[in-house]
2 protein chains.
Amino acid sequence: MRIGILGYGNLGRGVELAIKDNPDTELVAVFTRRDPSTLKINTPSVPVVNVTEIADWKDKIDVLILCGGSATDLPIQTPEFAKLFNVVDSFDTHAKIPQHFANVDKSAKEGGKVAVISVGWDPGLFSLARIYFNAVLPEGKDYTFWGKGVSQGHSDAIRRIKGVKNAKQYTIPVDAALEAVRSGSNPELTTRQKHTRECFVVLEEGADAAEVERQIKTMPNYFDEYDTTVHFISEEELNRNHSGLAHGGFVIRSGKTGNDKQHNHIAEFSLKLDSNPEFTSNVLVAYARAAYRLNSEGQTGCKTAMDIAPSYLSVKSVDELRAHYL
Amino acid sequence: MRIGILGYGNLGRGVELAIKDNPDTELVAVFTRRDPSTLKINTPSVPVVNVTEIADWKDKIDVLILCGGSATDLPIQTPEFAKLFNVVDSFDTHAKIPQHFANVDKSAKEGGKVAVISVGWDPGLFSLARIYFNAVLPEGKDYTFWGKGVSQGHSDAIRRIKGVKNAKQYTIPVDAALEAVRSGSNPELTTRQKHTRECFVVLEEGADAAEVERQIKTMPNYFDEYDTTVHFISEEELNRNHSGLAHGGFVIRSGKTGNDKQHNHIAEFSLKLDSNPEFTSNVLVAYARAAYRLNSEGQTGCKTAMDIAPSYLSVKSVDELRAHYL
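Residues numbered from 1 in each chain as written. Chains lettered and ligands numbered in written order. Predicted model: local features only at pLDDT ≥ 70, side-chain atom pairs only at ≥ 80, totals over all residues. Heavy atoms only, no water.

Enquirer: Help me out: how do you make sense of empty space enclosed by the protein in this one?
Expert: If you roll a probe as big as a water molecule over the atoms, it shows you where there is empty space left. Using the criterion set out here, one finds one cavity of 30 Å³ or more in the structure. Each pocket or cavity is described by its volume, and for the largest cavity that value is around 190 Å³. Surrounding the largest cavity, Leu125, Leu128, Ala129, Tyr132, Phe133 and Phe269 of chain A together with Leu125, Leu128, Ala129, Tyr132, Phe133 and Phe269 of chain B form its lining. For the lining of the largest cavity, the secondary structure elements donating two or more residues are helix 4 (125-136) of chain A together with helix 4 (125-136) of chain B. Each residue belonging to the lining of the largest cavity can be placed in one class, and the counts come to twelve nonpolar, no polar and no charged. (1 Å grid on protein atoms, 1.4 Å probe; cavity = no way out; pocket = protein on both sides within 12 Å on 5 of 7 lines; lining within 4 Å. Points joined across faces, edges and corners; volume = space filled by probe spheres on them. Helix = DSSP H or I, 4+ residues; strand = E, 2+ residues; numbered from the N terminus. Nonpolar A, V, L, I, M, F, W, Y, C, P; charged D, E, K, R; others polar.)

Enquirer: What exactly am I supposed to notice about the sheet that holds strand 13 (residues 263-273) of chain B here?
Expert: Taken together, six strands build an open sheet; the order of strands is 7(A)-12(A)-13(A)-13(B)-12(B)-7(B) and the sheet is antiparallel. With partners counted over all chains shown, the strands left at the sheet margins are strand 7 (140-146) of chain A together with strand 7 (140-146) of chain B, one partner each. Neighbour-to-neighbour, the strand axes of this sheet turn through a mean angle of 10°, independent of strand direction. In terms of strand pairing, strand 7 of chain A meets strand 12 (residues 247-257) of chain A through seven bridges, oriented antiparallel. In the sheet register, Asp142 of chain A faces strand 12 of chain A, and the bridge partner there is Arg253 of chain A. Where helix 4 of chain A meets the sheet, it contacts strand 7, strand 12 and strand 13 (263-273) of chain A together with strand 13 of chain B, and its direction lies at approximately 5° from that of strand 12 of chain A. (Pairing = 2+ DSSP bridges. Axes fitted to C-alpha atoms, helices over the stretch in contact; angles between N-to-C directions. Contact = heavy atoms within 4.5 Å.)

Enquirer: What should I look at first to understand the relation of the copies chain B and chain A in this one?
Expert: With an axial shift of 0.0 Å and an RMSD of 0.1 Å, the rotation relating chain B to chain A amounts to 180°. Taken together, the turn and the small shift mark the pair as related by a two-fold rotation axis. It is Ala309 of chain B whose C-alpha, among those of chain B, lies nearest the rotation axis, at 1.9 Å. Comparing contact sets, 100% of the residues at the interface of chain B also lie at the interface in chain A, consistent with an isologous, same-surface contact. (Least-squares fit on C-alpha atoms with pLDDT ≥ 70 in both.)

Enquirer: Is there a simple way to explain the packing of helix 10 (residues 276-296) of chain A against helix 4 of chain B in this structure?
Expert: When two helices pack together, their arrangement is given by the angle between the helix axes and the distance between those axes. At a closest axis distance of 8 Å, the pairing of helix 10 of chain A and helix 4 of chain B adopts a crossing angle of 105°. As the angle between them shows, helix 10 of chain A and helix 4 of chain B are arranged roughly perpendicular. Taken together, the residues of helix 4 of chain B that come into contact with helix 10 of chain A (itself represented by Phe279, Asn282, Val283, Ala286 and Tyr287 of chain A) are Tyr132, Ala135 and Val136 of chain B. In terms of residue class, the contact of helix 10 of chain A with helix 4 of chain B is made up of seven nonpolar, one polar and no charged. (Parallel < 35°, antiparallel > 145°, perpendicular 65-115°, else oblique.)

Enquirer: Which parts of the structure should I look at to understand unusual backbone geometry?
Expert: Glycine aside, the phi torsion of most residues is negative, and most peptide linkages are trans. The residue after Asp122 of chain A, namely Pro123 of chain A, is reached through a cis peptide bond having omega 0°. Along the chain, Pro123 of chain A turns up in the loop between strand 6 (114-116) and helix 4. Residue Lys148 of chain A follows Gly147 of chain A across a cis peptide bond; omega there is 0°. Its place among the elements puts Lys148 of chain A in the loop between strand 7 and strand 8 (149-150). Positive phi, normally seen in glycine, also occurs at Ser118 of chain B, with a value near 60°. Within the element layout of this structure, Ser118 of chain B appears in the loop between strand 6 (114-116) and helix 4. Here Ser118 of chain B falls in the buried class, since its relative accessible area comes to 2%. Residues other than glycine seldom take positive phi values, yet Lys261 of chain B does so here, at roughly 50°. For Lys261 of chain B, the position within the fold is in the loop between strand 12 (247-257) and strand 13. (Buried < 20%, exposed > 50% of the residue type's maximum accessible area, 1.4 Å probe, protein only.)

Enquirer: How should helix 4 of chain B be read in this particular structure?
Expert: Residues lying three or four places apart along an α-helix face the same way, a consequence of the helix completing one turn every 3.6 residues. Its twelve residues give helix 4 of chain B an end-to-end C-alpha distance of 17 Å, which sits within 8% of 16 Å, the value for a rise of 1.5 Å per residue. Taken residue by residue, helix 4 of chain B has Leu125, Phe126, Ser127, Leu128, Ala129, Arg130, Ile131, Tyr132, Phe133, Asn134, Ala135 and Val136 of chain B as its buried positions. (Expected span 1.5 Å × (residues − 1).)

Enquirer: Looking at this structure, I do not really get the interface of chain B and chain A. What am I missing?
Expert: How big an interface is tends to be reported as the loss of accessible area on association of its parts. Each partner contributes to the interface: chain B provides 66 residues, whereas chain A provides 66 residues. Summing both sides of the interface, chain B and chain A together bury roughly 5,600 Å²; the carbon and sulfur share of this comes to 61%. Of all residues in chain B, Met306, Arg322 and Leu326 of chain B bury the most surface against chain A, accounting for 14% of the area lost on that side. Linking Asp21 of chain B and Lys261 of chain A is a salt bridge whose minimum nitrogen-to-oxygen distance equals 3.2 Å. The tally of links from chain B across to chain A stands at 23 residue pairs in polar contact (both at pLDDT 80 or more). If you tally residues by element for the side of chain B that touches chain A, the top one is strand 13 of chain B, at eleven residues. When its residues are assigned to classes, the side of chain B that touches chain A shows 34 nonpolar, 17 polar and 15 charged. (Buried area = accessible area lost by both parts, 1.4 Å probe. Salt bridge = Lys/Arg side-chain N within 4 Å of Asp/Glu carboxyl O. Polar contact = N/O pair within 3.5 Å; in protein donor to acceptor, adjacent residues only side chain to side chain.)

Enquirer: Can you help me understand the state of the cysteines in this one?
Expert: Residue and element names in this part refer to chain A. Under the definition given, this model contains zero disulfides over all chains. The structure places no disulfide on Cys67, whose sulfur is separated from the nearest cysteine sulfur, that of Cys302, by 17 Å. Judged by its relative accessible area of 10%, Cys67 falls in the buried class. (Disulfide = S-S within 2.5 Å.)

Enquirer: It is not clear to me how the sheet that holds strand 10 (residues 195-203) of chain B should be interpreted in this structure. Could you clarify?
Expert: Two pairing modes exist for strands in a sheet, parallel and antiparallel, and in both the strands are linked by backbone hydrogen bonds. Residues and elements named next belong to chain B. The strand order across the open sheet built from four strands is 8-9-10-11, with neighbouring strands paired in mixed fashion. For this open sheet the edge positions go to strand 8 (149-150) and strand 11 (227-232), each flanked by a neighbour on one side alone. Examined bridge by bridge, strand 10 and strand 11 share six bridges and lie parallel to one another. Of the residues in strand 11, the one forming a bridge with Cys199 is Val230. Contacts from helix 8 (residues 209-217) reach strand 9 (164-173), strand 10 and strand 11, with the element oriented near 150° to strand 11.

Enquirer: What exactly am I supposed to notice about the pattern of salt bridges here?
Expert: Pairs can form between side chains of opposite charge once their charged atoms are near each other. Scanning all chains against the criterion turns up 36 salt bridges over all chains. Residues Asp105 of chain B and Lys109 of chain B are paired through a salt bridge, measuring 2.9 Å at the closest nitrogen-oxygen approach. Of this pair, Asp105 of chain B and Lys109 of chain B both sit in helix 3 (residues 97-111), four residues apart, roughly one helical turn. On the basis of relative accessibility, which here comes to 48%, the residue Lys109 of chain B falls in the partly exposed class. Linking Glu110 of chain B and Lys106 of chain B is a salt bridge whose minimum nitrogen-to-oxygen distance equals 3.4 Å. Remark: Lys106 of chain B and Glu110 of chain B occur in helix 3; sequence separation between them is four residues, near one turn of the helix. Taken together, the shared-partner salt bridges in this structure form one network comprising Glu179, Arg182 and Glu268 of chain A.

Spelled out as structure tokens, the structure:
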């Protein structure tokens, strides 16, 4: 399976690594909007190509993995390139998935290609857990917790405050809330009860720490509904201790069965990831395999994780899966 | 969706309950090998029919859910009835799944029907977790833990010992082993390190307790490789405290990514079930929905959970799932 990567940030580099762990995949080109001569990739034998020349690769690539951002890149790129290639993206703006799906579906059908959107872990594997759990526990309640991990959006929001030089924000699930959910008591949890927010902030010289802390803690939507802790640290400490990309989370469904709904059932799926982009990249590569297989079977159009049978993701044959993984 | 149930034990009664929680399903008949007049079911409006008359129901049932046992019932029943109906079973003898699949596939194709086999939680949802986790973490190690829950096979083995009147055996995962796996250290765990076995035994009058305990603890395959605890209790206490059908377990994959495989990732799926048969029944009903839909689309033959896209299990439309569950 010949793979192309578009975009060489954390995710693009993660896909490049993931390809090495998947023996049926081969990286054939990295596409970039930058001047290709300025981009050094970790696989020197693979050509770096300006994205303006991507159409020349139409018959040389089986799946193009789109590694851009959901805010501005993917809404344009995925529909555009689904006309030329089987594509996979990690579009993660949950509220805009139906619109993105419609746009991509039209293009992919025009091009006779398969496009798999919104795969990663949330949306992606967490979505699958929600769908399976709801199907098998029709009477129940869903809970999703995120973290511990860095929220890029919240870190950015802090950085926009006057006097802040740099910042990292961790979203942390509250253990007591997790335990209450696991007990089967189906608690109603407020935003504040589910997650806390911990901020590590580097100030500009002469900035007013108390005022920065006040602005963070009262910021609408981002922080005002949470218990937020603010730590002021040096830039050196930020770089040393807070440059990781760990993340994770929990999807839990608490359901009831029985004549009097007297039996509790807890289904829980959790991820604890040292590197969010490297894990997401592996999910993208697994769905690239699915996209290629589905298209080889004659399918076209847009798909999400819920539309694809699990066996399509595996490098193993269905016979082997049936014998050893069921 | 018109559902028939074959077999009215714990699983059959669970399916009958599950149908009430799934608004698109309707129970139309319960089939039994017994004299129908001797069987009182919990839905008095539904006819109880002897299995010898099942062919008369060919056009009145959309999916037949087979609630027999894996040892002797399902190897015969599933191939036989897949010629007449879309069927679902919970065949759980892992080693014999490929043979069962082949037999059922032939029948279902002859009959133009879809048969979904081996759905429940293991095999079933646990199989899905293993397949997804392996696909997205190609470099790693799998662990499955079962319990805390009653093992029917081990309880039966104790009951066959001379002097034993009744017994229940709990399989219990070892917390230290679970924690070691979650740490990402990829431990090699022996059978003894993963699970303990706890036995509650009612003796016949005059039986030799020490000899029964010795026979249990040294029983090859069943107990000799485990740390086993034996409690002797009264029949009254056994019935009062050990008649539950709770079960559960954990599927964990510990994977590594990165240039030097320096990043650990833990994917974990767990179930904690107050009623094993009622939960399994709900899984059967969700896959009955999938079987019916797949057959309505023109598909035939045998499928397992890994062959079926998640959206087929849900009562909700794909548009609703895309908007609210991804």
